[in-house]
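As a plain string of letters, each chain reads:
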Amino acid sequence: QVQLVESGGGLVQAGGSLRLSCAASGRTFSTYSMGWFRQAPGKERDFVAAVTRNGLHTYYADSMKDRFTISRDNAKNTVFLQLNSLKPEDTAVYYCAASNIIKVPITTSADYAYWGQGTQVTVSS
């Protein structure tokens, strides 16, 4: 089992950047694929990005791949999401998640067993 805690959200102007972090507990972090999802008010939770166990392969939602970057540091049990060129429509709660399912890519929320509490990102126009 793994526990996840996100941080780094906040209020930023359109065009700005944020770096989200997700710290994981436990000694088995490197055995999990990691993903980021987001949920805007009144909308479903959407896939944002995922990274494989060894960090060598990354996957993105089409609308975000040119602006967002996912990475991980297995030595520090942390996964990151760099958000650049933010737009008001990026406003949402961002969640990190961990999956022990053996497949790539993992882009469906149902495939992730463990979730953080979320961090709010608000982009003003």
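Heads up: these notes are all about the structure in this document.

1. A few points about the overall build of the chain
Now for step 1: Helices and strands together make up the secondary structure of the chain, namely zero helices and 11 strands.
Now for step 2: Helices and strands appear in the chain in the N-to-C order β-β-β-β-β-β-β-β-β-β-β.
Now for step 3: In terms of C-alpha radius of gyration, the chain reaches 13 Å, essentially the compact-globule figure of 14 Å for 125 residues.
Now for step 4: Principal axes of the C-alpha set define a box for the chain whose edges measure 40 × 25 × 25 Å.
Now for step 5: Per-residue burial for the chain yields a buried fraction of 43% across its 125 residues.
Now for step 6: Of the contacts formed within the chain by residues at least 6 apart in sequence, a portion of 58% connects residues at least 24 apart.
Now for step 7: If you sum the accessible surface of the chain, you get close to 6400 Å²; carbon and sulfur atoms cover 47% of it.

2. Side note on the packing of aromatic side chains
Now for step 1: One pass over the structure, following the stated rule, counts six aromatic pairs.
Now for step 2: Their ring planes at 80° and their centres at 5.2 Å tell us that Phe37 and Tyr112 sit as a pair that is edge-to-face. On the criterion of sequence distance, the pair formed by Phe37 in strand 4 (residues 33–39) and Tyr112 in the loop between strand 9 (92–99) and strand 10 (114–115) is long-range, its members being 75 residues apart.
Now for step 3: Tyr112 sits in the buried class, given a relative accessible area of 4%.
Now for step 4: The class for Phe37 is buried, based on a relative accessible area of 1%.
Now for step 5: In this structure, Arg45 packs its charged tip against the face of Trp115, placed 4.8 Å from the ring centre.
Now for step 6: Note that Arg72 overlies the ring of Phe29, its terminal NZ or CZ placed 4.4 Å from the centroid.

3. Quick look at unusual backbone geometry
Glycine aside, the phi torsion of most residues is negative, and most peptide linkages are trans.
Now for step 1: Between Val104 and Pro105 the backbone carries a cis peptide bond, its omega angle lying at -15°.
Now for step 2: Within the secondary structure layout, Pro105 lies in the loop between strand 9 and strand 10.
Now for step 3: In this structure, Asn77 is a non-glycine residue whose phi angle is positive, near 55°.
Now for step 4: Note on placement: Asn77 falls in the loop between strand 7 (68–73) and strand 8 (78–83).

4. Topic: the state of the cysteines
As used in these notes, a disulfide is a covalent bond between sulfur atoms, one from each of two cysteines.
Now for step 1: Under the definition given, this model contains one disulfide.
Now for step 2: There is a disulfide in this structure between Cys22 and Cys96, and the S-S distance comes to 1.9 Å. Residues Cys22 and Cys96 are joined through a disulfide that is right-handed, its torsion about the S-S bond being 40°. Taken together, the positions of Cys22 in strand 3 (residues 18–24) and Cys96 in strand 9 put the pair 74 residues apart, joining distant regions of the chain.
Now for step 3: A residue is classified by how much of its surface remains accessible, and Cys22, at 0% relative accessible area, is buried.

What counts and what doesn't
- Residues numbered from 1 in each chain as written.
- Predicted model: local features only at pLDDT ≥ 70, side-chain atom pairs only at ≥ 80, totals over all residues.
- Heavy atoms only, no water.
- Helix = DSSP H or I, 4+ residues; strand = E, 2+ residues; numbered from the N terminus.
- Rg over C-alpha atoms; globule rule 2.2 N^0.38 Å.
- Buried < 20%, exposed > 50% of the residue type's maximum accessible area, 1.4 Å probe, protein only.
- Contact = heavy atoms within 4.5 Å.
- Areas by Shrake-Rupley, 256 points an atom, 1.4 Å probe, with all protein chains shown as cover.
- Phe/Tyr/Trp six-rings, centres within 6.5 Å; stacked < 30°, edge-to-face > 60°.
- Lys NZ or Arg CZ within 6 Å of the ring centre and 35° of its normal.
- Disulfide = S-S within 2.5 Å.

Coordinates in, geometry out; function isn't part of it.
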